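So the chains spell out like this:
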Amino acid sequence: MSDVLANAHSIPDGLPWALIGPTGVTGRMILDRALALGYRPRLIGRDPAKLAALAAPSQLDWVAVDLRDRTALQQALAGQRLVLNAAGPFATTAPLVIAAALGAGIDYLDLNGELSALEAMFEQDAAARSAGVALIGGVGFGIAASDGLAMQVSARLGGAEWMRIAVAADSGFGSPAVAESTVAVIAGGGREVRAGAIIRRKLARGRWRETGPDGIRHAFASAPLADLAAARRATGTRRIIAGVPMAHSQARLLSFIAPLLPMLLKLPPVRRAMAEAGGHGGAAKAAFRSHVWIMAGRGKATETARLDAGEGFATTVDIAMAAIAWTLAHRPAAGAHSPATAFGADFVSAIPGISIRFEQ
């Protein structure tokens, strides 16, 4: 696998793929990297003027289509090997693009980090197997950074009985689509894995701290991250909690007002605060570092691990391009996957700029 990741630029030019959402912040970053690597993806979006302007300098193929028009979208995907969906919120876009990908018989990848969207994709496993298609959710920082690490930690224990996941994406700027996805996730209320099932729990009820590489302790609070579904599927762990950076005073307030959130989130200042609570508000810093911490246990034994990466959006681009390269070169098994079940537990470990540290 490391050879594929290190030599993504050597994938034959004749393997076509499509990029949905190239005019968004993350989509444009992925397109720029793809062009630098010699790829020529087909651009798919809603606005013909923006697509034409984006495609013109490199003379790329483009198609303007309403994602709700399944026939037109399926036609736009015809002849491609895979489609990367970079257009959120994914609870809205993923089901539409997945249906078209299944119809076109091509592999589907996305940058999703929304729990409901990932669960809905997993429910398409039988349909994907029947169509001979791989559906791979979350090939960006977040799911791809945590599910492989979760598999490795669980394997070191001989199978984890419980697990705690903390995800901190340090972003250099904000993305409207990512912010809306974050707000949608928080508005859905708390979730945890208990007895192997994803159940409702009070938002931000779980609070803990993790130690960064600089020795600073960071406060976290439980949140309904898609990492819950990915880790459960990848490891079979029956008790999992996941969280995001949040001051404990803020977590207590959020837990208290959780029943009022659907109404409060109609107010722009509250929406902005929730986006920032999810780690995607953007800030001006000299350097950016993103991290994932996982602690798990079996009986009296425990294992902990920390994944260190760079700025969140840039790391997402690295992960997405590695996933595209792997999928074009090898094609994962048909079915619905998180990145680790598609590419292996060491997938994220092989990406330049990402390091992993294990401790007992």
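Computed from a predicted model, the values in this text were never measured in an experiment. (Residues numbered from 1 in each chain as written. Predicted model: local features only at pLDDT ≥ 70, side-chain atom pairs only at ≥ 80, totals over all residues. Heavy atoms only, no water.)

> Help me out: how do you make sense of the overall build of the protein chain in this one?
A tally of helices and strands in the protein chain yields 15 helices and 16 strands. The buried share of the protein chain, reckoned over its 360 residues, is 53%. (Helix = DSSP H or I, 4+ residues; strand = E, 2+ residues; numbered from the N terminus. Buried < 20%, exposed > 50% of the residue type's maximum accessible area, 1.4 Å probe, protein only.)

> Looking at this model, I keep getting lost on the side chain of Q80. Mind explaining?
Structurally, the position occupied by Q80 is in the loop between α4 (70-77) and β4 (82-85). Take Q80: its relative accessible area is 11%, and that puts it in the buried class. Here the side chain of Q80 touches W17 through a polar contact of 3.2 Å, landing on its backbone nitrogen. Sequence-distant contacts of Q80, that is, excluding residues within four places in its chain, are made with P16, W17, A18, R42 and I106. (Polar contact = N/O pair within 3.5 Å; in protein donor to acceptor, adjacent residues only side chain to side chain. Contact = heavy atoms within 4.5 Å.)

> Explain helix α14 (residues 312-330) here, please?
Since the α-helix turns once every 3.6 residues, residues separated by three or four places project in the same direction. An ideal rise of 1.5 Å per residue puts 27 Å on 19 residues; α14 measures up with 27 Å between its terminal C-alpha atoms. Along α14, 15 of the 19 residues are buried, which leaves the element largely enclosed by surrounding structure. The N-cap of α14, judged by a side-chain oxygen 2.9 Å from the amide nitrogen of F313 a few residues on, is E311. (Expected span 1.5 Å × (residues − 1).)

> It is not clear to me how the packing of helix α6 (residues 115-122) against helix α10 (residues 227-235) should be interpreted in this structure. Could you clarify?
Two quantities define a packed helix pair, namely the angle between the helix axes and the distance between the axes. Packing of α6 against α10 leaves a shortest axis separation of 8 Å and a crossing angle of 35 degrees. The segment α6 lies against α10, with L115, L118, E119 and F122 engaging L228, A229, A230, R232 and R233. Of the residues contributing to the contact of α6 with α10, the split by class is six nonpolar, no polar and three charged. (Axes fitted to C-alpha atoms, helices over the stretch in contact; angles between N-to-C directions. Nonpolar A, V, L, I, M, F, W, Y, C, P; charged D, E, K, R; others polar.)

> Help me understand α6, please; the structure alone is not making it clear to me.
Burial in α6 covers these residues: L115, A117, L118, M121 and F122. In a view along the axis of α6, the buried residues occupy a sector of 165 degrees, so they form one face of it. (Arc of directions from axis to C-beta.)

> Looking at this model, I keep getting lost on the sheet that holds strand β2 (residues 42-45). Mind explaining?
Note: strands within a sheet are paired through backbone hydrogen bonds, in either parallel or antiparallel orientation. With parallel pairing, seven strands are arranged side by side in an open sheet as β3-β2-β1-β4-β5-β6-β15. Looking at which strands have only one partner, the edges of the open sheet turn out to be β3 (62-64) and β15 (335-337). Put simply, the sheet's adjacent strands are angled 15 degrees from each other on average, direction ignored. Pairing of β4 with strand β5 (residues 107-110) involves four bridges; the strand directions are parallel. Bridging across to β5, N85 finds its partner in D110. (Pairing = 2+ DSSP bridges.)

> Explain the pairing of strand β7 (residues 162-168) here, please?
Residues in a regular strand project their side chains so that they alternate between the two faces of the sheet. β7 sits mainly inside the fold: six of its seven residues count as buried. One ladder, built from seven bridges, connects β7 with strand β13 (residues 290-298); its direction is antiparallel. The residue of β13 that forms the bridge with W162 is G297. Note: β7 against strand β12 (residues 240-245), four bridges, orientation parallel.

> What's the story with the side chain of D147 in this structure? I'm lost.
With respect to the helices and strands, D147 occurs in helix α8 (residues 143-157). R233 is the oppositely charged side chain nearest to the buried, salt-bridge-free D147, at an N-O distance of 9.0 Å. Within polar-contact distance, the side chain of D147 engages the backbone nitrogen of A340 at 2.7 Å. (Lys, Arg positive; Asp, Glu negative; His and termini not counted. Salt bridge = Lys/Arg side-chain N within 4 Å of Asp/Glu carboxyl O.)

> Is there a simple way to think about the pairing of strand β8 (residues 190-194) in this case?
Burial analysis of β8 places four of its five residues in the buried class, which makes it a mostly covered element. When β8 meets strand β9 (residues 197-201), the two strands line up antiparallel, connected through five bridges. Within β9, the position partnered with E192 by the bridge is I199. Counting the residues between successive antiparallel strands, the hairpin from β8 to β9 contains two residues, one of them, A195, with a positive phi of roughly 55 degrees.

> What's the story with the packing of helix α2 (residues 25-36) against α14 in this structure? I'm lost.
α14 packs onto α2 with a crossing angle of 55 degrees between their chain directions and a minimal axis gap of 10 Å. As far as their axial angle goes, α14 and α2 are oblique. Crossing hand, α2 versus α14: right-handed. Seen from α2, the contacting residues are V25, T26, M29, I30, R33 and A34; seen from α14, they are F313, A314, T316, V317, D318, A320 and M321. A class-by-class count of the residues in the contact of α2 with α14 yields nine nonpolar, two polar and two charged. (Parallel < 35°, antiparallel > 145°, perpendicular 65-115°, else oblique. Left-handed = near helix turned anticlockwise from the far one by under 90°.)

> Where do I start with unusual backbone geometry in this structure?
Most peptide bonds are trans, and most residues other than glycine sit at a negative phi. Omega for the peptide link from G88 to P89 comes to -5 degrees, which places this bond in the cis form. As for its position among the elements, P89 is in the loop between β4 and α5 (90-104). One non-glycine residue, A195, lies in the positive phi region at around 55 degrees. Here A195 is to be found in the loop between β8 and β9.

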